[in-house]
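Residues per chain are reported as follows:
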Amino acid sequence: MREPRDVIIIGGGPAGSTAAAVAARAGLRVTLVEKKAFPRYQIGESLMPACYWTFERLGVLDKLRRANFVSKQSVQFYSKTGVPSEPYYFPDFDPHESSWTWQVERSAFDQILLEHAAGEGVEILQPATVRDVHFDGTRAVGVLVDEPGSGTRDLRAAVTIDASGQRALLARKLRLRTLDPNLMNCSYFTQYRGALREPGGDEGVTLLVATQRAETWFWYLALPENRVSVGVVGPLASLVRGRSKIPQTVFEEEVDNCTVIRRRIAGAEQIMPVRVLRDFSYCSTRIAGDGWVLAGDAFGFLDPVYSSGVFLALRSGELAADAAVAACDSGDFSATALGSHGREYVAGMEALRRMVYAFYAEDFNFARFVRSNPEQTNALVHLLIGTVYRVPVDGLIAAMEAFSPLPSYEPLRLNER
Ligand SMILES: Cc1cc2nc3c(=O)[nH]c(=O)nc-3n(C[C@H](O)[C@H](O)[C@H](O)COP(=O)(O)OP(=O)(O)OC[C@H]3O[C@@H](n4cnc5c(N)ncnc54)[C@H](O)[C@@H]3O)c2cc1C
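Each value, and the rule that gives it
Residues numbered from 1 in each chain as written. Predicted model: local features only at pLDDT ≥ 70, side-chain atom pairs only at ≥ 80, totals over all residues. Helix = DSSP H or I, 4+ residues; strand = E, 2+ residues; numbered from the N terminus. Rg over C-alpha atoms; globule rule 2.2 N^0.38 Å. Buried ≥ 20, exposed ≤ 12 C-beta atoms within 10 Å, placed from the backbone. Contact = placed C-beta atoms within 7 Å. Pairing = 2+ DSSP bridges. Axes fitted to C-alpha atoms, helices over the stretch in contact; angles between N-to-C directions. Near = placed C-beta within 6 Å. Nonpolar A, V, L, I, M, F, W, Y, C, P; charged D, E, K, R; others polar. Domains from an automatic or database assignment. Core = buried A, V, L, I, M, F, W, Y, C linked by C-beta atoms within 7 Å. Left-handed = near helix turned anticlockwise from the far one by under 90°.

Asker: Go over the overall build of the chain, please, and point to the residues and values.
Answerer: A tally of regular secondary structure across the chain gives 15 helices and 22 strands. Since a compact globule built from 417 residues should have a radius of gyration of about 22 Å, the 21 Å found for the chain is in line with a globular shape. The buried share among the 417 residues of the chain stands at 47%. Across the chain, contacts joining residues at least 24 apart in sequence account for 74% of those joining residues at least 6 apart.

Asker: Account for the environment of Leu144, with residues named and values stated.
Answerer: Note on placement: Leu144 falls in strand E9 (residues 139-147). Given 14 C-beta atoms within 10 Å, Leu144 falls into the partly exposed group. Along the primary structure Leu144 and Val130 are separated by 14 residues, whereas in three dimensions their C-alpha atoms are 5.7 Å apart.

Asker: I'd love a proper account of the sheet that holds E9, names of residues and values included.
Answerer: Through backbone hydrogen bonds, the strands of a sheet pair up, either in parallel or in antiparallel fashion. Sheet architecture is open: 3 strands sit in the order E8-E9-E10, paired in antiparallel fashion. Bordering the open sheet on either side are strand E8 (129-136) and strand E10 (151-156), each of which pairs with just one other strand. Here the average twist between neighbouring strands, direction ignored, is 25 degrees.

Asker: Lay out the site of the ligand in plain terms, naming residues and giving numbers.
Answerer: Taken together, the neighbourhood of the ligand is formed by 40 residues, with Gly11, Gly13, Gly165, Gly296 and Gly309 sitting nearest. Secondary-structure elements contributing two or more residues to the shell around the ligand are helix H1 (14-25), E8, strand E13 (185-193) and helix H10 (309-330). Broken down by element, the residue count for the shell around the ligand peaks at 4 residues, all from H10. Here the shell around the ligand is built from residues that sort into 18 nonpolar, 16 polar and 6 charged. When residues of the shell around the ligand are sorted by domain, at least three fall in each of domain 1 (7-69 + 104-180 + 282-346) and domain 2 (185-278).

Asker: Residues and numbers for the sheet that holds strand E7 (residues 123-125), please.
Answerer: Across the sheet, 6 strands lie side by side as E7-E2-E1-E11-E21-E20; this open sheet has mixed pairing. Strands with a single pairing partner mark the edges of an open sheet, and in this sheet they are E7 and strand E20 (288-289). Where strand E1 (residues 7-10) meets strand E11 (residues 159-162), 4 bridges bridge the pair, whose relative direction is parallel. Bridging across to E11, Ile9 finds its partner in Ile161. Contacting E1, E11, E20 and strand E21 (292-294), H10 runs over the sheet at an angle of about 175 degrees to E11.

Asker: Describe the pairing of E10, naming the residues involved and giving the relevant values.
Answerer: As judged from the 6 bridges shared by E9 and E10, these two strands associate in the antiparallel manner. Bridging from a neighbouring strand, Glu147 pairs with Gly151 of E10. Where E9 hands over to E10, the hairpin turn is made up of 3 residues, of which Gly149 adopts a positive phi near 90 degrees.

Asker: Please provide a residue-by-residue account of the domain arrangement of the chain, values included.
Answerer: Segmentation of the chain into domains returns domain 1 (7-69 + 104-180 + 282-346), domain 2 (185-278) and domain 3 (347-403). Each of domain 1 and domain 3 was reduced to a C-alpha centroid, and the two centroids are 28 Å apart. Taken together, the 16 residues of domain 1 in the interface contact 14 residues of domain 3. Elements with a minimum of two residues in the side of domain 1 that touches domain 3: H10 and helix H12 (342-360). Take the side of domain 1 that touches domain 3: its biggest share by element is 4 residues, from H12.

Asker: Can you explain the nonpolar core? Please cite residues and give values.
Answerer: With 125 residues, the main nonpolar core has Ala19, Val293 and Ala324 as its most contacted residues. Considering each element in turn, this core owes the most residues, 11 residues, to H10. Every residue in contact with Ala324, bar those within four places of it in the chain, is listed here: Val7, Ala23, Leu28, Val159, Ile161 and Val293.

Asker: Describe the packing of H1 against H10, with residues and values.
Answerer: Running from N to C, H1 and H10 point in directions that differ by 35 degrees, and their axes come no closer than 7 Å. Classified by chirality, the crossing of H10 by H1 is right-handed. Contacts between H1 and H10 involve Pro14, Ala15, Gly16, Thr18, Ala19, Val22 and Ala23 from the former and Val310, Ala313, Leu314, Ser316, Gly317, Glu318, Ala320, Ala321, Asp322, Ala324 and Val325 from the latter. Residues that form the contact of H1 with H10 fall into these classes: 12 nonpolar, 4 polar and 2 charged.

Here it is as structure tokens:
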């Protein structure tokens, strides 16, 4: 007998909502289970311009344009001595709408995407929590859902897409998750009202500011309603070991160690307690199995620098949905069929990982790299825009490795079986 649904999606963040909308639009019967009532806070406010292509495919661009988010057109770096680079204006490199984007309030952004999925016919259970994924042998066959007021029930589907974010339900259950040993970072972050904003079209610039000790760095970006998001990132060894257990204290010590940020938030009102996240750089050794696919952070996350998280979540949400649609058409729900996009997806992610490694490498300096490889400037900015799936980046990565060797890493074992 045919199940009442084709696809179950765990999580209503950008990866889950995208996968749901794409699969439903293709005619599949989709149920999405989201644990939290929306709107809810989530970190990850700065988008990469190349998110545009998924927004366009979803048909959600107009809703986002109307949402009053801050327009982001550039990135600027500050050295540990407080010297700014020239801003990198994305539209200068490609004057198309896909070269600029937004600094978003994630509570509003995620709600727009989830409502859009509902508009495509997705059944949304919210708040409801997936407690477990059921297997019949090696094949995922559905989930156990806990809905407040209704108790627990089994939902069955041909494909389960795990988009549960850093909870990474399936990757943890199947022990697929490996922390990146080269990115053992931690982050403390908060928001202010009334802090300094750049004038005019520069308002949405993302600042990446090295602290004076240079082991840690701040992001600083403008949000709607005169708010800014400020966070510090650095190795666990310098932000956690031997430091206060009180997040506010560590955050303030880091601000004291960074004149650029201290001046920008002087006199502003802190409107959120300092939050802490760690162990966020990891990847799964598989992207799919029989009857299941991972998307977004549930598969892996690199690092906050360059703001690639939501972009990758959107892209992998699309690819996971395409895989589910193809599987439902062909009747082949094997790991090989559902994970056929894995190599291409991971190649883009790995290109971004090399850029992240370069950012943290002591011997790598982007300004010197560009001076000695001026022909790579375009490719470099394209990578910051997020064109990894549209423009070849092999030449850039080879030139970066030749300029200064980057740390090694265990290539992912995308063992599809
Ligand atoms: C410090 C820091 C800063 C960052 N800054 C940026 C940035 O500036 N720009 C950027 O693009 N990215 C940033 N990121 C990354 C970004 O937050 C994530 O990559 C992005 O949110 C991933 O989207 P997702 O849909 O995969 O997961 P999420 O957005 O985490 O969504 C997962 C959803 O699943 C739900 N869920 C979890 N478990 C269950 C369950 N069992 N049942 C039902 N629902 C469940 C959760 O409630 C959640 O709504 C940052 C990350 C960190 C750690």
